[in-house]
Structure formats: structure tokens, C-alpha cells
Amino acid sequence: MMIYYINIKNLMQAADRLCLPSASFEIQYRIFLSLLDPAVQTRILRYRKETDRLRSLASQLLLYHAFCKSNKSPDKKNFLISYGPFGKPSFKDYPACNFSLSHSGSYAVCVFTEDTAPVGIDIQEYRSLNRDRIRARFYTDLEKEQAESVEMFFRIWSAKEAYMKYTGKGFSEGFDTFSVLPESAIVVCSDSDSRPLAYLQEPLILPGYSCSLCTSLPVIPGSVSVCELSEDDLINMLACSEKV
């Protein structure tokens, strides 16, 4: 299992190094957008704010990098994404591979595994929110007891999001149907049944952020590798795609 992450500044600086024109987003980043499934490009461009477009593009480039590193063809004709009934993405032609994407603040993150078991990942920047309102609306009683500090609030939030991505049901899951216990590294039902529904890990430590990984089994120590993508990695990605 691989986790890739990137600071979106690396993407901006890679575009500057390539002397891409500072025009519209579509023009400035077209060489990176061109690597992706046209349907994915459309989803990225639906965002109105450029920072949201950058974060979304960065997460998709992480997935493209992971796809190529797994010895799959970098040809975008093979890099096609489909979406489940609740929006969970998957590879059209590689059902044995699973992935999950997230972005927040200055970072995007991707988990990639050549395994049929589902995965979910989420990253949350510590930012100004009405935490009392969110706790009251979305946190279970068990979670409210833990979520007093800013750090624990976002650790729980990222874990809840990771679990919903893991199941693929998104917000239809119902926030009150499960409780996440970051300190115990498990997800449990909100009723009296304490049997784990899934397992949690915090694979990435970044100041001012919480990142949670959700898996069907406890993660074996050393089985998850973490890699940050640099400007050079992005430029090399383009060079590899041109050879196809």
C-alpha cells in the first residue's frame, strides 16, 4: 500500500519551471490536465475557485503517478475512472486496484493499493470552523466526549470522512450510525455493539493537519509506504507520458 502526498505549491512551481503561460487555469495547467481522463478534467474544472481546482488537480496527479508506478501504462486511454452510485471513484479497467483521494489546505493525498479490499483516506487542515455546531450535528455522544481540543476535533473529522470514503456511501452513510475512535484506531457502530467495523491509522504527520486512513484490517507495521511528490516528480511524469 502506497500513500502519496503533495503540497500544491510544488504543482504551481512545476508550472512556472515549464514556463506555462499565466492565463486561465485551463491554459496554464493544460499539459497536466491532458494526462487525465476527460471526465475527470471536467470535474476539476467545475470548481469555481482556482485553489480548489489546484487541489483537485494535484490529487488526480498523485493518482496518475501511483497508477504509473504500479507498472500500469501511463497512456491516459488506460487511465479511466468510473464512479459508483454514491460517487466513490474506481478504475474502469483495473477492479483489483483500489484508491482514495483527499485534499485540504495546501495538501493533496492519495492512497493506492493493488488489493480488492476497499480503502479510504482523508486530510483536514486545522481551520476556523463553528466546531460546536458541527459537533452537535455530526458527532456521536462518544465522539463528543473526545473532541474538545482542536486537534481531536479534526482527528475525528478526518477519520469520519475516511470511513465514509472506505464504505463508498458518502454522506448517505449517516454520521450518527458509527463512531470513530482515533486513539483505539477503530470504527464502531453507534449502538452498544463495539465490534470494529473498520480500522484506522494516521499515516501522515503534517503540522496543522490531521490525516486518517481507513482499512478493512489492521495495517501491518511497515506495510504502508509514504512518499511526497516534488516539482521534479511532476515534470518527470510529463516526460514519461510523452514516451507512450
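Just above sits the structure.
Turning our eyes to something else, we now look at the packing of helix α1 (residues 8-17) against helix α5 (residues 50-69). Across the interface, α1 lies against α5 with an axial gap of 9 Å and an inter-helix angle of 90 degrees. Relative to α5, the element α1 lies roughly perpendicular. Together, I8, L11 and M12 of α1 and L54, R55, L57, A58 and L61 of α5 make up the contact between the two elements. Partitioned by chemical class, the residues of the contact of α1 with α5 number seven nonpolar, no polar and one charged.

With that settled, the discussion passes to the side chain of Q60. Residue placement: Q60 occurs in helix α5. Beyond its immediate sequence surroundings of up to four residues, Q60 is in contact with L36, V40, I44, F79 and L101.

Another point: the sheet that holds strand β6 (residues 119-125). Strands sit in the order β6-β10-β9-β8-β7 across an open sheet of five strands; the sheet is antiparallel. Strands with a single pairing partner mark the edges of an open sheet, and in this sheet they are β6 and β7 (178-181). Averaged over all pairs of adjacent strands, the angle between their axes in this sheet comes to 25 degrees, without regard to strand direction. Examined bridge by bridge, β6 and strand β10 (residues 209-215) share seven bridges and lie antiparallel to one another. Looking across to β10, one finds that I121 is bridged to L213. Along the sheet, helix α8 (residues 150-167) makes contact with β6, β7, β8 (186-189), β9 (196-201) and β10, crossing β6 at roughly 150 degrees.

Turning next to the packing of aromatic side chains. Scanning the model with the defined rule gives 16 aromatic pairs in all. When the ring of Y163 is compared with that of Y166, the centres are 5.9 Å apart and the planes differ by 25 degrees; the resulting orientation is stacked. A residue pair is termed a helical-turn pair when its members lie 3 or 4 positions apart in one helix, as Y163 and Y166 do in helix α8 at three residues. No difference in accessibility class separates Y163 from Y166, as the two residues are buried. Aromatic ring contacts, followed pair by pair, group Y126, F138, Y139, F153, F154, W157 and F175 into a single cluster. The residue whose ring lies beneath R43 is Y83, and the NZ or CZ to ring-centre distance is 3.8 Å.

Our focus in this paragraph is the pattern of salt bridges. All told, the structure shown has ten salt bridges when counted by the stated rule. The residue R17 makes a salt bridge to E231 at a minimum N-O spacing of 3.4 Å. Of this pair, R17 sits in helix α1 while E231 sits in helix α9 (residues 231-242), placing them 214 residues apart in sequence. Linking R55 and D52 is a salt bridge whose minimum nitrogen-to-oxygen distance equals 2.7 Å. In this pair, R55 and D52 both sit in helix α5, three residues apart, roughly one turn of the helix. Several salt bridges converge on common partners, so that one network encompasses R17, E231 and D232.

What counts, and at which threshold
Residues numbered from 1 in each chain as written. Predicted model: local features only at pLDDT ≥ 70, side-chain atom pairs only at ≥ 80, totals over all residues. Heavy atoms only, no water. Axes fitted to C-alpha atoms, helices over the stretch in contact; angles between N-to-C directions. Helix = DSSP H or I, 4+ residues; strand = E, 2+ residues; numbered from the N terminus. Parallel < 35°, antiparallel > 145°, perpendicular 65-115°, else oblique. Contact = heavy atoms within 4.5 Å. Nonpolar A, V, L, I, M, F, W, Y, C, P; charged D, E, K, R; others polar. Pairing = 2+ DSSP bridges. Phe/Tyr/Trp six-rings, centres within 6.5 Å; stacked < 30°, edge-to-face > 60°. Buried < 20%, exposed > 50% of the residue type's maximum accessible area, 1.4 Å probe, protein only. Lys NZ or Arg CZ within 6 Å of the ring centre and 35° of its normal. Salt bridge = Lys/Arg side-chain N within 4 Å of Asp/Glu carboxyl O.

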